[in-house]
Amino acid sequence: MGRERSQGKRAQSAPPAGTLFIVGVPIGHPDDLTIRGLATLRQVDLIAAKNPQATHALLAHHGIHTTITTYDRNNAADKVPLLLERLRQGCRVALVSDCGMPVVYDPGRLLITAASRAQIPVKVIPGTCAVVAATALAGMDGNAFVFDGRWTGGTKALTGRLQLLQSEPRTMIFFPPARDLPQFLTLLQQMLGNRKIVLAIDMTRSTEKILRGRVQQLLSRKPGPEQASHVAVVVEGAKSKRKISKRQSR
């Protein structure tokens, strides 16, 4: 009986499962980190970061010294079991992207899904998001919009993706790599026409540049951001044929 009681005590003294915090971080300016986000990053035991260098710079700016571990597309499959074990041991883990919210073009979903299946508490600490920021900045219809992810791949693949969006009436947001911006804008004009667009380059940073106009106009200005720049392109949705015919009749 004594042995059974001692086993029961050991079971009761096992540490409770930790918590996984999904923390939104700034898309550029470090002071855009929320008060809750700041407190969370100070209190957790470990930060799983897509880009440790970027996260270290953010933490240093705010005087935070929490341990950082890499969690990105290349090692996510290997890191998930290790992070789950830490969470089961009672460790509090914060998941962050290099900028914005984890999961938005980010491998965070793998860890979040695994933690949920293991019945580990998952909490979100909302923060800035480049998709929403670009949509607000553009001043186009934000009641419904389409985010089509980062645009990489060959010309044929990109052309096919744009072809599927030719009749899309909602505002569209794209993240083309800075080096491919001229190619993307050229394809955009060819497939969707000379639409109104907004180029948001390095939002909230000291190098921020916002360009507004139609595709052809902005192409002629030869926008050439640095390769390390973050670029968001907001494109107006397709107009209905009925509206177009009314304009033409006027």
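Presented here is a report on the structure given in the accompanying data block.

### A look at the overall build of the chain
- For the chain, the helix and strand inventory stands at ten helices and ten strands.
- In the chain, which comprises 250 residues, the proportion classed as buried is 42%.
- Residue pairs in contact within the chain that sit at least 24 positions apart in sequence constitute 71% of those at least 6 positions apart.
- When the accessible surface of the chain is split by element, carbon and sulfur atoms take 50% of a total near 14,000 Å².

### A closer look at unusual backbone geometry
- With phi around 60°, Gln119 is a residue other than glycine that occupies positive phi space.
- Along the chain, the position of Gln119 falls in the loop between α5 (108-117) and β5 (122-125).
- Phi angles above zero are rare outside glycine, and Asp202 is one such case at about 55°.
- Structurally, Asp202 is set in the loop between β8 (196-201) and β9 (209-214).

### Some thoughts on helix α6 (residues 130-138)
- For α6, the complete set of buried residues consists of Ala130, Val131, Ala134, Thr135 and Ala138. All buried residues of α6 project into a common sector of 135° when viewed along the axis, lining one side.
- Buried residues along α6 sit in contact with β6 (145-150), β7 (171-175), β8, β9 and β10 (231-235).
- Two residues or fewer after α6 comes Gly139, characterised by a positive phi angle close to 75°.

### Things to note about the nonpolar core
- Ranked by size, the top nonpolar core spans 32 residues in total, and within it Leu20, Tyr71, Leu84, Val93, Leu95, Leu111 and Met203 carry the most contacts.
- With five residues, the top contributor of residues to this core is helix α4 (residues 76-88).
- In this view, Leu95 contacts Leu20, Phe21, Ile22, Val23, Ala48, Tyr71, Pro102, Gly108, Leu111 and Ile112; residues no more than four positions away in its chain are not counted.

### Some thoughts on the pairing of β6
- Inspection of the sheet shows β6 paired to β7 by four bridges, in the parallel sense. Within the sheet, the bridge partner assigned to Phe147 lies in β7 and is Ile173.

### Considerations on the pattern of salt bridges
- One pass over the full model with this rule turns up five salt bridges.
- In this structure, Arg92 engages Asp45 in a salt bridge whose closest nitrogen and oxygen atoms are separated by 3.3 Å. Residue Arg92 is located in the loop between α4 and β4 (93-96), and its partner Asp45 is located in the loop between α2 (35-43) and β2 (46-49); the two are separated by 47 residues in the primary sequence.
- Assessed through its relative accessible area of 36%, Arg92 is described here as partly exposed.

### So, the packing of helix α7 (residues 155-163) against helix α8 (residues 181-192)
- Two elements in contact, α7 and α8, have axes whose closest approach is 10 Å; the angle formed by their N-to-C orientations is 45°. By the criterion of interaxial angle, the relationship of α7 to α8 is oblique. Judged by the twist between their axes, the crossing of α7 over α8 is right-handed. Every residue of α8 that contacts α7 at Thr155, Leu158, Thr159, Leu162 and Gln163 is listed here: Gln183, Leu187, Leu188, Met191 and Leu192.
- Each residue belonging to the contact of α7 with α8 can be placed in one class, and the counts come to six nonpolar, four polar and no charged.

### Brief notes about the side chain of Lys79
- By secondary structure assignment, the location of Lys79 is in helix α4.
- An unpaired buried charge is present at Lys79: no salt bridge exists, and Asp72, the closest side chain of opposite charge, is 7.7 Å distant.
- A polar atom in the side chain of Lys79 sits 2.7 Å from the side chain of Thr69.
- Setting aside its immediate chain neighbours within four residues, Lys79 contacts Thr69, Thr70 and Tyr71.

### A look at the pairing of β7
- Most of β7 sits inside the fold, with five of its five residues counted as buried.
- Following the chain from β6 across α7 to the adjacent parallel β7, one finds a crossover that is right-handed.
- Both β7 and β10 contribute to a ladder of three bridges, which runs antiparallel. Looking across to β10, one finds that Met172 is bridged to Val235.

About the criteria used
Residues numbered from 1 in each chain as written. Predicted model: local features only at pLDDT ≥ 70, side-chain atom pairs only at ≥ 80, totals over all residues. Heavy atoms only, no water. Helix = DSSP H or I, 4+ residues; strand = E, 2+ residues; numbered from the N terminus. Buried < 20%, exposed > 50% of the residue type's maximum accessible area, 1.4 Å probe, protein only. Contact = heavy atoms within 4.5 Å. Areas by Shrake-Rupley, 256 points an atom, 1.4 Å probe, with all protein chains shown as cover. Arc of directions from axis to C-beta. Core = buried A, V, L, I, M, F, W, Y, C linked by side-chain atoms within 4.5 Å. Pairing = 2+ DSSP bridges. Salt bridge = Lys/Arg side-chain N within 4 Å of Asp/Glu carboxyl O. Axes fitted to C-alpha atoms, helices over the stretch in contact; angles between N-to-C directions. Parallel < 35°, antiparallel > 145°, perpendicular 65-115°, else oblique. Left-handed = near helix turned anticlockwise from the far one by under 90°. Nonpolar A, V, L, I, M, F, W, Y, C, P; charged D, E, K, R; others polar. Lys, Arg positive; Asp, Glu negative; His and termini not counted. Polar contact = N/O pair within 3.5 Å; in protein donor to acceptor, adjacent residues only side chain to side chain. Right-handed = clockwise from strand over helix to strand, strands pointing away.

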